[in-house]
Amino acid sequence: MTAVVRSSRALAVVAGVLIDEAGQLLIAQRAADASDGGLWEFPGGKIAVGERATEALIRELAEEIGVVVKHPEPLAVVRWRGPPRSLNLHTFICRNWARRPIAHEHQALRWLSPAELRHYPMPAPDRPIRARLALPREYLITPEPDADADAFLSRLARTLENPRLGIVSLRAKACAPPRLAELAESMLRQVRRQRPDLTVLIHAEPELAMHLGFDGVHLSSLQLRNMSRRPVPESLWLFASCHNLTELTAAERLGADAVSLSPVQHTASHPLASSLGWSDFAAAARRTWLPCFALGGVGPADLERALSGGAHGVAGIRAYWRS
């Protein structure tokens with residue numbers, strides 16, 4: 001994307017995600033002397049005054065990588081309100097184009113799978129797009145493990161037979177640190193063996209996630225409130241539990257990649273908690289640039305409704321867990 005100068009007004013920009021027949025995505029490395037030089041991005045640039053977003057996309061991709069895009073599909077508008085300046089980033093999926101991509105303004109171009117995206121450092125406004133492209137739609141959060149770890153892992157193995165699951169996180173709030181580390185290591189080893197395609201997180205301290213080799217960490221709302229800087233490198237996923245707009249804003253400032261937003265509906269585990277309802281969930285999800293997973297009284301049957309309300313996907317415990 002073209003470098004921009006600071007302004008109090010959001011600048012309208014556009015970016016294109018080229019996806020080939022094998023499902024590989026194209027990213028471009030910024031010139032060394034450009035703003036954020038050396039970082040990788042989805043190519044695009046400024047939308048000129050009076051220009052439609054699709055018109056700007058076609059023009060910018062022709063200039064930057066030499067392709068002629070046909071029939072782009074809207075992906076998302078990221079209303080970025082952080083540094084280096086406020087942007088309205090209109091992003092499109094491009095599956096149909098003419099000519100071979102060539103790096104006219106970038107150092108290099110690279111094709112890679114969605115799962116590989118997190119290993120390439122990107123400017124902050126591009127990261128929410130990366131998360132939307134790389135993160136699966138259905139997310140299992142484990143119930144609290146009981147004293148029998150083998151029985152818990154056996155139930156987890158049965159649960160992971162569900163091919164729709166793309167993310168799993170171990171949540172074991174009642175476990176003492178030594179037992180949590182032992183259980184987490186066993187759980188991670190089992191998931192890697194059974195479902196190497198899964199993104200594996202843990203609800204715990206970030207240091208434990210990094211030490212054991214998890215793909216990321218899911219922060220509680222209390223951890224979120226007590227942190228002032230991102231606790232894991234960009235190559236690891238950072239999720240946060242949010243329940244209101246204040247916590248969503250805190251997650252944005254921390255540099256989170258995605259959030260769970262809950263409770264959408266009343267749950268048996270928190271019968272006294274007030275629920276958001278689908279209307280308030282949708283309003284909150286559309287006010288953040290972060291991908292939101294609907295959580296609380298929802299499951300796979302609610303996926304389409306969640307997506308229509310601005311969610312990236314759904315997360316659940318009982319809705320997925322097989323006892």
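Residues numbered from 1 in each chain as written. Predicted model: local features only at pLDDT ≥ 70, side-chain atom pairs only at ≥ 80, totals over all residues. Heavy atoms only, no water.

Asker: Tell me what's going on with the overall build of the chain, and back it up with residues and numbers.
Answerer: When its secondary structure is counted, the chain shows nine helices and 17 strands. Taken against the 2.2 N^0.38 rule, which gives 20 Å for 323 residues, the C-alpha radius of gyration of the chain at 20 Å falls within 12% of a compact globule. Structurally, the chain occupies a C-alpha span of about 60 × 40 × 35 Å along its principal axes. Among the 323 residues that make up the chain, the fraction classed as buried is 52%. (Helix = DSSP H or I, 4+ residues; strand = E, 2+ residues; numbered from the N terminus. Rg over C-alpha atoms; globule rule 2.2 N^0.38 Å. Buried < 20%, exposed > 50% of the residue type's maximum accessible area, 1.4 Å probe, protein only.)

Asker: Help me get a handle on the layout of surface pockets, residues and values and all.
Answerer: To find leftover empty space, a probe the size of one water molecule is rolled over the atoms. Roughly 700 Å³ of internal volume is contained in the second largest pocket. Where the lining of the second largest pocket is concerned, the elements lending two or more residues are β6 (73-80), α2 (127-134), α7 (245-254) and α8 (277-285). When residues of the lining of the second largest pocket are assigned to their parent elements, the largest contribution, five residues, is made by β6. The residue inventory of the lining of the second largest pocket, partitioned by class, reads 16 nonpolar, four polar and seven charged. (1 Å grid on protein atoms, 1.4 Å probe; cavity = no way out; pocket = protein on both sides within 12 Å on 5 of 7 lines; lining within 4 Å. Points joined across faces, edges and corners; volume = space filled by probe spheres on them. Nonpolar A, V, L, I, M, F, W, Y, C, P; charged D, E, K, R; others polar.)

Asker: Describe the pattern of salt bridges, with residues and values.
Answerer: By the definition in use, this model includes 16 salt bridges. With a shortest N-O distance of 3.0 Å, D215 and R118 are connected by a salt bridge. Residue D215 is found in the loop between α5 (206-212) and β13 (216-219), and its partner R118 is found in the loop between β9 (108-112) and α2; the two are separated by 97 residues along the sequence. Owing to a relative accessible area of 13%, R118 belongs among the buried residues under this scheme. Residue D257 pairs with R230 through a salt bridge whose shortest N-O separation is 3.0 Å. Placement of D257 in the loop between α7 and β15 (258-261) and of R230 in the loop between α6 (221-225) and β14 (237-242) is noted, with a sequence separation of 27 residues between them. Given the relative accessible area of 4%, D257 is considered buried. In the salt-bridge network here, residues are joined through shared partners; they are E51, R59, E60 and E63. (Salt bridge = Lys/Arg side-chain N within 4 Å of Asp/Glu carboxyl O.)

Asker: Explain the sheet that holds β15 to me, and be specific about the residues and the numbers.
Answerer: Around the barrel, eight strands lie side by side as β10-β11-β12-β13-β14-β15-β16-β17; this closed barrel has parallel pairing. Between one strand axis and the next, the sheet turns through 25° on average, direction left out of account. Of the strand pairs in this sheet, strand β10 (residues 138-141) and strand β17 (residues 313-316) are connected by three bridges, and their pairing is parallel. Bridging across to β17, L140 finds its partner in G316. Packed onto the sheet, α8 meets β15 and β16 (292-294) and runs at close to 170° relative to β16. (Pairing = 2+ DSSP bridges. Axes fitted to C-alpha atoms, helices over the stretch in contact; angles between N-to-C directions. Contact = heavy atoms within 4.5 Å.)

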